[in-house]
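So you can see what is in the structure, the chains are spelled out below.
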Amino acid sequence: MTDQPRILVVDDEPQLTRVLRTGLKSRGYDVRAAADGLAGFEAFNDWHPDLVITDLAMPNVDGLELCRRLRAISQVPIIVLSAKGEEKTKVEALDLGADDFVTKPFGIDELLARVRASLRRANAPASSETTQSIFDSGDFHVDLDSREITVRGKPIHLTPKEFDLLVYFIKRPGKVLTHRTLLAALWGGNYVEQNEYLRVFVGNLRKKIESDSASPRYILTEPWIGYRFDPGQ
Amino acid sequence: MRRSLLDRKWAGYVVAALSVFLLTLVLKIVGSHVNAATVSLALLLNVLFIATRWGSLPALLASIVAMLCFNFFFLPPLGTFTIAATDNWIALVAFLITAVTAGQLSARAERRAEEAESGRREIERLYAELRDAFERASHAEALRQSEKLKSALLDAVTHDLRTPLTSIKASITTLLDEVREPVALDAESRVEMMEVIDEESDRLSHFINGLIELARIEAGELQLRRRWGVVDEIISAALTRARPITQHHRVELDVENELPVVRVDERAVSEVVYTLVDNAAKYSSKGSTIRITARRSGDELIEMAVEDDGQGIPHELRERVFDKFFRATRDGDVSKQPTGTGMGLAIAKGIVEAHEGRIWIESGNNGAGTRVVFTLPIGDEDVVTPSQQKQ
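Residues numbered from 1 in each chain as written. Chains lettered and ligands numbered in written order. Predicted model: local features only at pLDDT ≥ 70, side-chain atom pairs only at ≥ 80, totals over all residues. Heavy atoms only, no water.

With respect to the overall build of chain A
How we decide: Every helix listed is a DSSP run of H or I at least four residues long, and every strand listed is a run of E at least two residues long, numbered separately from the N terminus. Note on classification: 1.4 Å probe, protein chains only; a residue is buried when its accessible area is under 20% of the maximum for its type, exposed when over 50%, partly exposed between these limits. Contacts between residues were defined by any pair of non-hydrogen atoms, one from each residue, lying within 4.5 Å. Using a 1.4 Å probe, accessible areas were evaluated by the Shrake-Rupley method; residue-level cover was limited to the displayed protein chains.
Scanning chain A for helices and strands turns up 9 helices and 12 strands. Within the span of chain A, comprising 233 residues, buried residues form 51% of the whole. The contacts in chain A between residues at least 6 apart in sequence include a share of 58% that link residues at least 24 apart. For chain A, the accessible surface area stands at approximately 10,600 Å², while carbon and sulfur atoms represent 50% of it.

Take a look at the structure:
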């Protein structure tokens, strides 16, 4: 038993699992690999990793089904490996509960950064999601209880929906939030196809909190997927 | 212009009246040679003509005018509308009834004929429209299918390019990281990363060569360098190359004695044998046997086969496995990930067919496993045996 964070890599490409195992191990992670979703799910139940990295296209149980099964029993962070052109599957995986994605081919640095961010989020859920009522990015300050917000020292007004959207982002720092997830959470299940709502509200929010809304620093766009909130700290 | 005038509605009535007057005049001029029956028949013919050309109402007018002229000019007393003899009354009434009836029947027949003609034209027009629509739809469907196929092929190609590229990039960046800020990467791990790069580069190279070969075959540009070659040597070259992949299998070689030399591109045929042996090794368990046979088939062919003891290929897939980028697991189990590039058998088929040979799949001799068989024509010159060739 070690105190190294455990990472389960699920991919049917043996060469890639070899590389990831070595690359992640060299950064102090304890790594196990599985060749398909079924073996991955079994390994998860046996080994209880802190994070799962999974490919999407695999035999037996694919990456989507693995996300579904894992989410039914655990909140373990899941990073999916996907290819450009697989946006639909990627969104599906994120909607099923995956936390992040990395597009193939990727450098090990990019993967390591996503791994660190996911583990950080997973290790600090209590502070960010439930108890913390003040958020300060440096550029702007939000009091979740009094619903007051100041940007670079000046109080600004947000509509109730804009405020709810901002709070939703703040409580999920670094996590990729699909259009569908945001729409369902803030507008309800009947509005999950209304991406234009999001474009308008995110646009307004950016104008109010970003110093340059054309090159946003906090609310980042994941093309064709959704948005990611970078707390900037 | 004249035709359009005649086609006008009132033209029928004018022609009806005028034609009767003219005919009556002609009959009157030749009056000494015609009797009442001839006159009535001539007038009836005119009514039929009017009915056929202009329809029932002008024909009715022609009938009445003809009856009046017949009465006035040909039935005694002449020059009056009175009739002296009873039988002439009967003749006149019979003429009128016959003229009207014949006129109406003829007009109706003409109308029916016109309707039938118009119906036929309408059917022809609809048929032409349908055919055009069908052709357009077929063309659109063919285009759609072709686009779909292109997209599927592109997906297959990009997947096969991207997968090794991902391993290479992940390995390289791991090694680069170590150079930039030393991490705990031991010598063994470094070697492993480099091995991955080496192997995946070979895989990419193999895939790209396969693509080029396939493109050549499809464009009909496969350049065969046919020479007289010995079957043993062709198989032996393939087996030497395949040694690393067959090291965990038992390889049995059964080549018929005194096989004639064949006029083939030895390198290309050896590639076919290598592909089949590679597949046999991939799809059968370690320790099982791969059998390679070569024998003469009839006077003109050499038959070669590679057989494994694997799960076999279902009958319904035995043709499709030769399609480019088609990848199936040997036992048709879709839950298993297919291996390979999906090009080997397509290339093998291209090479065999370029030699005017044939390739097919059958079950192994014991009913299980896979036996891929191909034939090659011995050559278009006199058959010579290896011993003769050496002389």
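Some words on the interface of chain A and chain B
Threshold: Here the quantity called buried area is the accessible surface, traced with a 1.4 Å probe, that two parts lose on coming together, added over both. Think of a salt bridge as a Lys or Arg side-chain nitrogen and an Asp or Glu carboxyl oxygen that are within 4 Å of each other. Think of a polar contact as two N or O atoms within 3.5 Å of one another; within protein, one of them needs to be a possible hydrogen donor and the other a possible acceptor, and neighboring residues in sequence only count if both atoms come from side chains.
On the chain B side, the residues contacting the 23 residues of chain A number 27 residues. Both faces combined, the contact of chain A with chain B buries some 2,100 Å², and carbon together with sulfur accounts for 54% of it. With a shortest N-O distance of 2.8 Å, Arg27(A) and Asp177(B) are connected by a salt bridge. Taken together, the links from chain A to chain B amount to 10 residue pairs in polar contact (both at pLDDT 80 or more).

Describing helix 5 (residues 108-123) of chain A
Here is the rule: Take the number of residues in a helix, subtract one, and multiply by 1.5 Å to get its expected span.
In a regular helix each residue adds 1.5 Å, so 16 residues correspond to 22 Å; helix 5 of chain A covers 22 Å between its end C-alpha atoms and thus fits that length. Burial in helix 5 of chain A covers these residues: Ile108(A), Leu111(A), Leu112(A), Arg114(A), Val115(A), Ala117(A), Ser118(A), Leu119(A) and Arg121(A).

Examining the nonpolar core
In plain terms, the rule: Residues belong to a common nonpolar core when they are buried Ala, Val, Leu, Ile, Met, Phe, Trp, Tyr or Cys residues joined through side-chain atoms within 4.5 Å.
In this structure, Val231(B), Ile235(B), Met304(B) and Phe374(B) are the most contacted members of the largest nonpolar core, which totals 51 residues. Beyond its immediate stretch of four places on either side in the chain, Phe374(B) contacts Val269(B), Val272(B), Val273(B), Leu276(B), Ile302(B), Glu303(B), Met304(B), Val352(B), Arg358(B) and Ile359(B). Formed by 28 residues, the second largest nonpolar core is a distinct cluster that contains Leu20(A), Leu24(A), Val31(A) and Ala170(B).

Let's talk about the packing of aromatic side chains
Selection rule: Under the pairing criterion, centres of Phe, Tyr and Trp rings, with the six-membered ring standing for Trp, must be within 6.5 Å; the plane angle then separates stacked pairs below 30 degrees from edge-to-face pairs above 60, leaving the rest tilted. By definition, being over a ring means that NZ of Lys or CZ of Arg is both within 6 Å of the ring centre and within 35 degrees of the ring normal.
The tally for this structure, following the rule as stated, stands at 11 aromatic pairs over all chains. Relative to Phe201(A), the ring of Trp187(A) lies with its centre 5.2 Å away and its plane at 70°, an arrangement referred to as edge-to-face. One end of the pair, Trp187(A), is in the loop between helix 8 (179-186) and helix 9 (195-209); the other, Phe201(A), is in helix 9, and 14 residues separate them in sequence. Each member of the aromatic cluster is reached from another via a ring pair, and the members are Phe135(A), Phe140(A), Phe169(A), Tyr218(A), Tyr227(A) and Phe229(A). Across from the ring centre of Phe41(A), 5.9 Å away, lies the NZ or CZ of Arg69(A), which sits over that ring. Against the face of Trp360(B) rests Arg358(B), its NZ or CZ located 4.2 Å from the ring centre.

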